[in-house]
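Next come the chains, spelled out residue by residue.
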Amino acid sequence: MSESSIPVSAGRMLGVFSLIGIGLVSLFFYLTGHKISQNEHEALLHSLQTVLAGTVYDNDPTADTIQVQDAGLGPEAVTIFRARNQDKPVAAVITAIAPDGYNGNIKLLIAVHTDGTLAGVRVVSHKETPGLGDDIEAERSNWILTFAGKSLAQPEPKLWAVKRDGGSFDQFTGATITPRAVVKAVKNALHYFAANQSVIFSDAQ
Ligand SMILES: Cc1cc2nc3c(=O)[nH]c(=O)nc-3n(C[C@H](O)[C@H](O)[C@H](O)COP(=O)(O)O)c2cc1C
């Protein structure tokens with residue numbers, strides 16, 4: 001082996017190890033990235049199953065979505081998941097945003113049956129104050145569960161407000177802003193659904 005060949009082969013070795021290293025890092029990111037999106041998909045499926053509890057459907061709503069933009073549903077475009085049974089529409093799950101929480105956006109899943117009754121409502125994310133505004137979480141109180149079965153006919157539209165504002169929905173002790181924002185967002189979503197049901201379930205978007 002000549003003296004000059006030593007640095008050349010060392011350089012080659014270094015190159016090979018670098019390539020292996022890059023390959024392993026890429027593989028790691030590919031595998032973990034895939035795992036994360038799979039976990040996100042499963043979490044989404046679970047949330048949809050929860051908010052659609054009691055609704056009979058046989059499709060995968062995560063694969064049957066549309067994007068819509070409407071001021072009543074939030075400041076940006078939102079996704080609507082469509083639940084069908086034997087190809088017939090049974091419910092839409094609207095990912096509405098209540099923009100006027102105490103600490104900003106409250107992201108909601110609002111599931112509406114085709115007859116306009118609510119299958120359920122759940123909070124996906126919020127920044128409300130723990131101990132004051134976070135009773136909107138199903139894990140903390142039953143408040144959000146009381147929406148199931150309600151519609152624009154029951155209670156009538158003027159009662160779609162918290163009791164402090166003359167409506168029929170409870171507010172929380174010392175915290176009216178958060179439930180007021182959620183009630184308003186759910187009411188808006190029901191109005192949007194009533195006005196756009198045929199568009200929501202049509203495939204020509
Ligand atoms: C530090 C702090 C955090 C608060 N967080 C919330 C909240 O998350 N949600 C809410 O509705 N009100 C919250 N409030 C209370 C509101 O400022 C407001 O007083 C209340 O919503 C009005 O409800 P009330 O009319 O029942 O008192 C908070 C107040 C303070 C001082």
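It should be emphasised that the depicted structure is a prediction, and the values quoted were computed from it without experimental measurement. (Residues numbered from 1 in each chain as written. Predicted model: local features only at pLDDT ≥ 70, side-chain atom pairs only at ≥ 80, totals over all residues.)

## Observations regarding the pairing of strand β4 (residues 97–101)
Direction of pairing for β4 relative to strand β5 (residues 104–113): antiparallel, over a ladder of three bridges. Each residue of the ladder has a partner; that of Gly 101, found in β5, is Gly 104. Joining the antiparallel neighbours β4 and β5 is a turn of two residues. (Pairing = 2+ DSSP bridges. Helix = DSSP H or I, 4+ residues; strand = E, 2+ residues; numbered from the N terminus.)

## Brief notes about the domain arrangement of the protein chain
In terms of domains, the protein chain is made up of domain 1 (1–51) and domain 2 (56–201). Using only C-alpha atoms to locate each centre, domain 1 and domain 2 end up separated by 41 Å. Counted by class, the side of domain 1 that touches domain 2 contains four nonpolar, three polar and no charged residues. (Domains from an automatic or database assignment. Nonpolar A, V, L, I, M, F, W, Y, C, P; charged D, E, K, R; others polar.)

## Here we look at the environment of Arg 84
Mapped onto the secondary structure, Arg 84 falls in strand β2 (residues 78–85). Taking the C-alpha atoms as reference points, Arg 84 and Gly 166, separated by 82 residues in sequence, lie 37 Å from one another. Look past the residues within four positions of Arg 84 in its chain and what remains in contact with it is Tyr 57, Asn 59, Asp 64, Pro 89 and Val 90. (Contact = placed C-beta atoms within 7 Å.)

## Observations concerning the nonpolar core
Looking at soluble globular proteins, one finds that nonpolar side chains tend to be buried together. Counting residues in hydrophobic clusters, the biggest one holds 42 residues, and the most contacted among them are Val 93, Val 112 and Ala 189. For this core, the secondary structure elements donating two or more residues are α1 (5–51), β2, β3 (88–94), β4, β5, β6 (118–125) and α2 (177–201). Ranked by residue count, the leading element in this core is α2, at nine residues. When residues no more than four places from it in sequence are discounted, the contact partners of Val 93 are Leu 48, Val 51, Leu 52, Pro 61, Ile 80, Phe 81, Ala 83, Leu 109 and Ala 111. (Core = buried A, V, L, I, M, F, W, Y, C linked by C-beta atoms within 7 Å. Buried ≥ 20, exposed ≤ 12 C-beta atoms within 10 Å, placed from the backbone.)

## Quick notes on the environment of Val 78
Relative to the elements of secondary structure, Val 78 occurs in strand β2. The exposure class of Val 78 is buried, given the 21 C-beta atoms found within 10 Å. Sequence spacing of Val 78 and Val 68 is ten residues, and the spatial spacing of their C-alpha atoms is 5.5 Å.

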